[in-house]
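# Report on the structure
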Amino acid sequence: MEITFLGTSSAVHSYSRSHPSIALKAFGETMLFDCGEGTQRQLIYAKISPMKISKIFITHYHGDHILGIPGLLQSMNFRGRETKLTIYGPRGLDNLREAISNLGFPNFDFPLEWIEIDSGTIIENEEYVIKAQRVKHNTLTLAYSVEELKKPRFLREKAIELGVPVGPDFGKLHKGIAVEVDGKVIKPEQVLGPPRKGHKITYSGDTLPCEEMIEFAHDSSILIHESTYTLEDRDKAELHAHSTSADAANIALQSNSQELILTHFSTRYTDVSDILKEAQEIFENTKIAKDLMKVEL
């Protein structure tokens, strides 16, 4: 799993920070979380092909989180994309789809699916689960989590001991399918180790600190949380329904997250060292996101 921070600013671009967008490469896919203005140029710098993006997840419809979508879709079309792209977002997604269809390039030659979602499980398959959770911003906003599903280890020697021949039956058992050997049924649980927990990545979107976010982020390997303001500007955070660095650190601590990465910084801070310091005083394993920074799990 590889996370690339394409944009780490808040409502306004800065010299070194673009509008919010995060790319996740995992499970043979590339997914985007938010797509602010300039995202497709950031993809070029990050050497991530937009043609391989399979899904876009939108947290909310403020411009800094969505204005990169029309241009990205148009570029995909110009480059001859053929594979389906699915865009997920909270209630109001149809309004975005209609607006884009009226922006001078309404016809796309590749399958484009728009899915409105709410809190709950969005996607679940053999490899991963993606969930959404309403959080507290000044408009309807979703946080997202991506959790890797790891199969238990296959106990090869145990299988051989039970008489299972090396070959296709090993694969069946590892997939949870019982097999028959010399009239005897071998069940998967006989040759599989204990359950294994995979990595979990949680992204807050824009939000005030809230219990919903703490519960949703529980046991995250990496919590990516907005940190628009410092403690000194707590009044502005509350006014605009954002979090301070201390808020994000408290959420990481209370959710038992392993690592906190702060993003979505106001351009009032040309130096984010105070943001990092305030967070690390509460939650030591905190990092500051930078544009084009990559993190691997």
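Residues numbered from 1 in each chain as written. Predicted model: local features only at pLDDT ≥ 70, side-chain atom pairs only at ≥ 80, totals over all residues. Heavy atoms only, no water.

At aspartate 34, a residue that is not glycine, the phi angle is positive and equals roughly 70°. Residue placement: aspartate 34 occurs in the loop between strand 3 (29–33) and helix 1 (39–46). Phi at leucine 292 is positive, roughly 75°, even though this residue is not glycine. Mapped onto the elements, leucine 292 comes out in the loop between strand 15 (286–288) and strand 16 (293–296). (Helix = DSSP H or I, 4+ residues; strand = E, 2+ residues; numbered from the N terminus.)

Under the present numbering, the feature "binding site: Zn(2+) 2" (unreviewed entry) in UniProt falls on Asp64, His65, Asp206 and His264. In three dimensions, the annotated residues from a span of 201 residues occupy one location, with a maximal C-alpha spread of 10.9 Å. Looking at where aspartate 64 falls in the secondary structure, it is placed in helix 2 (residues 63–66). With respect to the helices and strands, the residue histidine 264 is situated in the loop between strand 14 (260–263) and helix 10 (273–280). For histidine 264, a relative accessible area of 4% puts it in the buried group. In contact with histidine 264, other than residues within four places in its own chain, are Thr8, Ser9, Ser10, Pro20, Asp64, His65, Asp206, Glu226, Ser227, Thr228 and His242. Polar side-chain contacts of histidine 264 include one of 3.5 Å to the side chain of histidine 65. (UniProt positions renumbered as here; feature names shortened; annotations may be inferred. Buried < 20%, exposed > 50% of the residue type's maximum accessible area, 1.4 Å probe, protein only. Contact = heavy atoms within 4.5 Å. Polar contact = N/O pair within 3.5 Å; in protein donor to acceptor, adjacent residues only side chain to side chain.)

Further remarks concern the sheet that holds strand 13 (residues 222–226). Sheet architecture is open: seven strands sit in the order 7-8-9-12-13-14-15, paired in mixed fashion. The sheet is open, and its two borders are formed by strand 7 (120–124) and strand 15, each paired with just one other strand. This sheet shows a mean twist of 20° between the axes of neighbouring strands, independent of strand direction. Across four bridges, strand 7 lies against strand 8 (residues 128–134) in antiparallel orientation. For glycine 120, the partnering residue across the bridge sits in strand 8 and is alanine 132. (Pairing = 2+ DSSP bridges. Axes fitted to C-alpha atoms, helices over the stretch in contact; angles between N-to-C directions.)

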